[in-house]
Amino acid sequence: MIVADRKSLEEILTMVKDNKKILIAGCKGCVTVCNVGGLKEVEILASSMKIARKKQGTHIDIDINVLERQCDNEYVAGVSDIIGNYDAVISLACGVGPQFLSEMYPDQTFYPGVNTTFFGGATQHGVWEERCAGCGTCAINNFGGLCPIARCAKSLMNGPCGGSSNGACEINKDTVCIWDVIVRKKMDAGKLEDLIGVRGIKNWRTARDGGPRRSIREELVQGNI
Amino acid sequence: MSELKSGSNLEKVLKAGHFAFTGECGPPKGANVTHLKEKFQYLKGNVDAVNMTDNQTAVVRMSSLAGSVLMIEEGLEPNFQMVCRDRNRLAIMSDILGAYALGIRNMLCLSGDHQTFGNHPEAKNVHDIDSMQLIALVKKMRDEGKFMNDEDIDVPPKMFIGAACNPFADPYEYRVYRLANKITAGADFIQTQCIFNMEKFRDFMKKAVDMGLHEKCYILAGVTPMKNAGMANFMSRFVPGMDIPDSLIKRLKSVDKKDQAEEGIRFALEQVEEFKEMEGVAGVHMMAIEWEHRVPEIAERAKVLPRPVL
Amino acid sequence: MRLSYPADIKVIQVPCTGRVDILHLLNAIEDGADGVYVAGCLEGECHYIEGNLKARRKVEYVKKTLTELGIEPERVEMYNLSSAQGARFAEIASEMVGKIRELGPTPVKSTHAA
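Residues numbered from 1 in each chain as written. Chains lettered and ligands numbered in written order. Predicted model: local features only at pLDDT ≥ 70, side-chain atom pairs only at ≥ 80, totals over all residues. Heavy atoms only, no water.

Enquirer: Lay out the environment of Ala 7 of chain C in plain terms, naming residues and giving numbers.
Expert: For Ala 7 of chain C, the position within the fold is in the segment before helix H1 (22–30). Residues Ala 7 of chain C and Asn 80 of chain C, 73 residues apart in the sequence, show an inter-C-alpha distance of 21 Å. (Helix = DSSP H or I, 4+ residues; strand = E, 2+ residues; numbered from the N terminus.)

Below, the structure is given as structure tokens:
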């Protein structure tokens, strides 16, 4: 899923400091699963902001609405009747959400309430880790099912570098050296030969480097099947 | 290795079977050419080639390419270091061409320390290709006369290709295979990370010799003389991939503070003596970090002078 | 036992402090309470195993939020006592009220600024 962290209250409050009536829009997709932008978090943010504004003596009206998904126009269209009622809207969806909203409602101002961080998953309750860099050319099968592009700090294709120490990356003792894991996995499986030789140069055109990407499925473009 | 690949002095020295002795010099944090040239004078005539580091530890300094050219002007031979952290394949290839055009004949291909260590930790890193692929690229440009995209190069750069090797990083059992991969990729010579744990290095070299790697490539053992016990402690704790045995720290601490530098040099000299005899070791890479002025004395006492003139 | 405790406190009963939500605490502050505290069972003695431990984590979360907003985190507290400790209940009530009196009225004013 897409993982995000909520922005600080200070940053969010500064964004809407001049507004008197706002909407906080949550999303029932990834950000609900990573506990940052679902109904609960929307309510908590609304209450926290009201406390701040009361303390300041500047009243604010806050409504909340949690969209099924902010990355689908059919759900984004669902708030068309109310979106004009507010001075501004804070979206707690990933970076995709406030853009879909901005594109559909060009006259409204949408603020991102979260920092979208990575594609990953929860390794334990409350801890999320990056697993995918969305490079557009998946080859994890070559690396014991583990991705060095996303998980090596230097995206090395022929690692591990000289900074690998006791299974940890040189940048941080809490960061796993994924190449250490890959090498040990191959060695344990008796498949060291998979790591002999030079792995070719990566084509980054399928990654963000090739420009903003688009995925087209012709049979669906023509209608539901 | 019948014909010379690059014609660099380092290549000639190694090919002639001499025990090579290379040095290292960090470019200034600024455009202070005067100071840089002073440092060159300590190295001139005492080493076969001098590594010009490339934003080492991710701290911004004068470019290694410019530093290398200044070195040539002063009559020394540079070993131009290049990291993959700061350049994409376009910049890498154009810098290689530029380096060759300006007289550079040795190159050391590196991944580069992560930028979070340096003085611009907010930087975006590149890592379009990795050090292994960089080695293969320099070899392709030299031997096939082609760019990465297979287009022909009008006057290919003939570089003597160097690579780094850290036998003290993990996973240890894999390190010798990674070295083999670098040689397969095209490394002509290897400069190892600073060696302090001699026992581990002996074991590593035995493995490398058993695989015949020393016959395909020149392996230069990395030596850094310790200035004092504090430096040893610091490197042990904060420099990634360093293996500094407690026995060495103890040895440095066992003498008076004012004598610790001498003790550090003595240990380095003992290392050089052992490397001269060690099977598979073709030379020493002396990294006297910010201690260039001690290199003449170290070279003298290491009995590696005069350097061969070929 | 006829123990008295300050009349400043409004008691809201819940089946277990595990039922207390971050929002309950925030809403109380938002609506002008000078302080809120949760009185849960002794740690390790929750009938629902860890309801009181979860309540403590929620209290901690709200304390963090208040700190971010420049409000004294001491306005929200967690206490643990058993249902047999009537005297302790009264003592905690007095302690909390005393602490809040020291802090003074909430900075969260319910009067609307025009």
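Anyway, onward from the coordinates.
Enquirer: Can you explain the interface of chain B and chain A? Please cite residues and give values.
Expert: Taken together, the 28 residues of chain B in the interface contact 29 residues of chain A. Carbon and sulfur atoms make up 56% of the surface buried where chain B meets chain A, a total of about 2400 Å² over both sides. If you look at where chain B meets chain A, you find 1 salt bridge. Linking Glu 173 of chain B and Arg 184 of chain A is a salt bridge whose minimum nitrogen-to-oxygen distance equals 3.5 Å. Seen at the junction of chain B and chain A, the total is 18 residue pairs in polar contact (both at pLDDT 80 or more). No other element matches helix H6 (residues 172–185) of chain B, which puts 7 residues into the side of chain B that touches chain A. For the side of chain B that touches chain A, the per-class residue count stands at 10 nonpolar, 10 polar and 8 charged. (Contact = heavy atoms within 4.5 Å. Buried area = accessible area lost by both parts, 1.4 Å probe. Salt bridge = Lys/Arg side-chain N within 4 Å of Asp/Glu carboxyl O. Polar contact = N/O pair within 3.5 Å; in protein donor to acceptor, adjacent residues only side chain to side chain. Nonpolar A, V, L, I, M, F, W, Y, C, P; charged D, E, K, R; others polar.)

Enquirer: Break down the nonpolar core for me, citing the residues and quoting the values.
Expert: Core analysis: the largest hydrophobic core is formed by 91 residues, its most contacted members being Ile 96, Leu 134, Leu 179, Phe 196, Phe 201, Met 226 and Phe 275 of chain B. For this core, the element with the highest residue contribution is helix H10 (residues 260–277) of chain B, accounting for 7 residues. Setting aside anything within four residues of it in sequence, one finds Phe 275 of chain B in contact with Phe 19, Ile 195, Met 198, Phe 201, Ala 221, Val 223, Val 281 and Val 284 of chain B. Membership of the second largest hydrophobic core comes to 46 residues, among which are Leu 9, Cys 27 and Ile 60 of chain A together with Val 76 of chain C. (Core = buried A, V, L, I, M, F, W, Y, C linked by side-chain atoms within 4.5 Å. Buried < 20%, exposed > 50% of the residue type's maximum accessible area, 1.4 Å probe, protein only.)

Enquirer: Tell me about the interface of chain A and chain C, and name the residues and values.
Expert: Size of an interface: often given as the accessible area lost when the parts come together. At the junction of the two partners, chain A supplies 17 residues and chain C supplies 20 residues. The contact between chain A and chain C buries some 1600 Å² in all, and 61% of this surface belongs to carbon and sulfur atoms. Contact with chain C buries area across many residues of chain A, yet Ile 51, Lys 54 and Lys 55 of chain A alone supply 41% of it, more than any other trio. Inspection of the chain A/chain C interface yields 2 salt bridges. Between chain A and chain C we count 6 residue pairs in polar contact (both at pLDDT 80 or more) in total. Elements supplying a minimum of two residues to the side of chain A that touches chain C: helix H1 (9–15) and helix H3 (39–56) of chain A.

Enquirer: Explain the sheet that holds strand S1 (residues 2–6) of chain A to me, and be specific about the residues and the numbers.
Expert: All names here are of chain A. Strand order in the open sheet formed by 3 strands is S1-S6-S7, with antiparallel pairing between adjacent strands. In the strand order of this sheet, the two ends are held by S1 and strand S7 (127–132), each with one partner. For this sheet, the mean angle separating the axes of adjacent strands, direction not counted, is 70 degrees. Relative to strand S6 (residues 114–124), S1 is paired through 5 bridges, and the arrangement is antiparallel. (Pairing = 2+ DSSP bridges. Axes fitted to C-alpha atoms, helices over the stretch in contact; angles between N-to-C directions.)

Enquirer: Break down helix H2 (residues 33–43) of chain B for me, citing the residues and quoting the values.
Expert: All names here are of chain B. Along H2, the positions that sit buried rather than exposed are Leu 36, Lys 39, Phe 40 and Leu 43. All buried residues of H2 lie within an arc of 105 degrees about the axis, which places them on one face of the element. The elements touched by buried residues of H2 are strand S1 (20–25), strand S2 (50–52), helix H3 (64–73) and helix H11 (295–301). The residue sitting at the N-terminus of H2 and contributing the capping side-chain oxygen is Asn 32; that oxygen lies 3.3 Å from the backbone nitrogen of Thr 34. (Arc of directions from axis to C-beta.)

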